[in-house]
Amino acid sequence: MQTSARDDKPLSGKVAVVTGASSGIGAAISRQLAAAGAKVAMAARRENLLKEIQDEISKEGGVALAVKCDVMNRAEVKELIQHTESTLGPVDILVNNAGIWVIRCMKNLHEEEWNQQVDVNIKGVLNCIGAVISGMCERKRGHIVNMSSQNGKTVIPLVGIAVYTGSKFFVEGMSRTLRQEVCKDGVRVTCIQPGEVETPGFARYLMTMEDEQCKQLYTYPRPYQILEPEVIAQAVLYAVTQPEHVAVNEILVQPREAPL
Ligand SMILES: NC(=O)C1=CN([C@@H]2O[C@H](COP(=O)(O)OP(=O)(O)OC[C@H]3O[C@@H](n4cnc5c(N)ncnc54)[C@H](OP(=O)(O)O)[C@@H]3O)[C@@H](O)[C@H]2O)C=CC1
Ligand SMILES: N[C@@H](C=O)C(=O)O
C-alpha cells in the first residue's frame, strides 16, 4: 500500500497534548511535534493565539487542535483530554509545559502570586497527569514530558524565585517516583530542565520585577546568549522519538555561558 509522506515521520500515528501551547516553548514544541507527524492538541487559555498556531501548522501540512483550557481547572483538563481522544484518538504523549514564574522576594509577601505558581506549576501538572495516566497504563504505552527547569535541578543563586524553584523541585520529585510506578506499564516520564530561554514569559517576568534586590541580580537582556524555544522543543522531540524500551529521563539544556 502506498504510504503518504506523513506516514513515514517519526511520530506518525501518535497523538500529543501540549499545555501552554499559545506561547514560547509550548508553541515551539507543538510545531515540532506536528512537523514530526504527531496530531497535536494545543491547550492554553488564549484561544486566539492557539488558533493562529493551529493555522500555521495546518499550512505546513500538520494536524493540530486548538483547545481552550485552564490547567488549574480539573474539569477543563478532563474535557481537554476527552475532546482530544474523541477527535484525534488516544493520547500517546502529554507535554506538561504550562507554567508561570514570578520574580518576587518572599519577604514582600506576594502571597497570591505564590498560590498562582503552585496552582499552575504543581496542581496544573497533576490535573493533566490525572487525566491521562490511567488510559496510558491500560494501553501499556504513553509518554509524560514534564517541563521542569534548571531551577528544578539545583538552587540557582538568584533571589526572588523561591516559590518557583520549589514548584519545579516538586515536578522533579514527583516525576522520579511516578517513573518508578509506571515503567512496567509501558509509560515513560521525562523531565526537561531548561536554562534561560528567550520567550514572552521570560521577558515579561524580568521586565516586571519590583524588588531592587532582584533587579540588581537579574538584569534583562541577559549578559550572554540565552536559548531559543526551538532548542527546548528539539529536546522534547528527541525524548519522545526514542524506541519504546529507551527512556530519556532528564534533559538539562542551558546557555553555554551559564552552566549550573
Ligand atoms: N523561559 C525560560 O527561561 C524557562 C521556562 N521554563 C518553563 O517552560 C514553560 C514555558 O515557559 P515559557 O514558554 O518561557 O513561558 P510563556 O509565558 O511564554 O508561556 C507560558 C505558557 O503557559 C500557558 N499558561 C500559563 N498559565 C496557564 C494556565 N493556567 N492554563 C493553561 N496554560 C497556561 C500560557 O498560555 P495562556 O496564558 O494562553 O493560558 C503560555 O502558553 C514553563 O513551565 C516554565 O516554567 C523553564 C526554564 C526556563
Ligand atoms: N527563567 C527561569 C524560568 O524558568 C529559569 O531560568 O528557570
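Since this is a predicted model, take the numbers as computed values, not measurements. Residue positions are given per chain, counted from 1 along the sequence in the order it is written. Each chain is given a letter, starting from A, and each ligand a number, starting from 1, according to the order in which they appear as written. Given that the model is predicted, a residue must reach a pLDDT of at least 70 before its local features are reported, and side-chain atom pairs must reach 80 or more before they are shown or counted; all residues, however, enter totals for whole chains, interfaces and linings. As a rule here, side-chain values cover all heavy atoms of the structure and leave hydrogens and water aside.

Chemist: An account of the packing of helix α1 (residues 24-35) against helix α8 (residues 229-240) is requested, with residue identities and associated values reported.
Modeler: Whenever a helix is involved, its axis is fitted only over the stretch in contact; in every case the axis is a line through C-alpha atoms, and angles between N-to-C directions fall within 0 to 180 degrees. Under the scheme used here, helices are H or I runs from DSSP no shorter than 4 residues and strands are E runs no shorter than 2 residues, and both carry numbers assigned from the N terminus. One way to put it is that α1 packs onto α8 with a least axis distance of 8 Å and a crossing angle of 50 degrees. It follows that α1 is oblique to α8 by the angle criterion. Where α1 crosses over α8, the handedness of that crossing is right-handed. Contacts from G24, I25, A28, I29, Q32 and L33 of α1 reach α8 at P229, E230, I232, A233, Q234, V236, L237 and V240. Of the residues in the contact of α1 with α8, the class split is 10 nonpolar, 3 polar and 1 charged. What sets the label is the angle itself: under 35 degrees gives roughly parallel, over 145 gives roughly antiparallel, 65 to 115 gives roughly perpendicular, and the rest give oblique. Here a crossing is taken to be left-handed if its near helix is turned anticlockwise relative to the far helix by less than a right angle, and right-handed if that turn runs clockwise. Contacts are residue-level and defined by heavy atoms, with any inter-residue pair within 4.5 Å sufficient. Classification used: nonpolar for Ala, Val, Leu, Ile, Met, Phe, Trp, Tyr, Cys and Pro, charged for Asp, Glu, Lys and Arg, polar for all others including Gly.

Chemist: Run through the packing of aromatic side chains, naming residues and quoting values.
Modeler: Stacked, edge-to-face and tilted are the three classes for Phe, Tyr and Trp ring pairs, Trp counted by its six-membered ring, which pair at centre distances within 6.5 Å; planes under 30 degrees apart are stacked, over 60 edge-to-face, the rest tilted. Applying the stated rule across the entire model yields 3 aromatic pairs. Ring centres of W101 and Y205 lie 4.6 Å apart, and the angle between their planes is 45 degrees; this geometry places the pair in the tilted category. Of this pair, W101 sits in the loop between β4 (93-96) and α4 (111-139) while Y205 sits in helix α6 (residues 200-207); the two residues are 104 residues apart in sequence, bridging distant segments of the chain. Residue W101 is classed as buried on the basis of its relative accessible area of 19%. Given the relative accessible area of 12%, Y205 is considered buried. Taken together through their ring pairs, the aromatic side chains of W101, Y164 and Y205 make up a single cluster. Relative accessibility decides the category of a residue: with a 1.4 Å probe and only protein chains considered, values under 20% of the type maximum give buried, values over 50% give exposed, and everything between is partly exposed.

Chemist: Go over the packing of α1 against helix α2 (residues 47-59) with me, naming the residues and quoting the values.
Modeler: Relative to each other, α1 and α2 sit at 25 degrees, their axes nearing to 10 Å. Relative to α2, the element α1 lies roughly parallel. Like other packed secondary-structure pairs, α1 and α2 cross with a definite hand, here right-handed. Taken together, the residues of α2 that come into contact with α1 (itself represented by A27, S30, R31 and A34) are I53, E56 and I57. The class makeup of the residues in the contact of α1 with α2 is 4 nonpolar, 1 polar and 2 charged.

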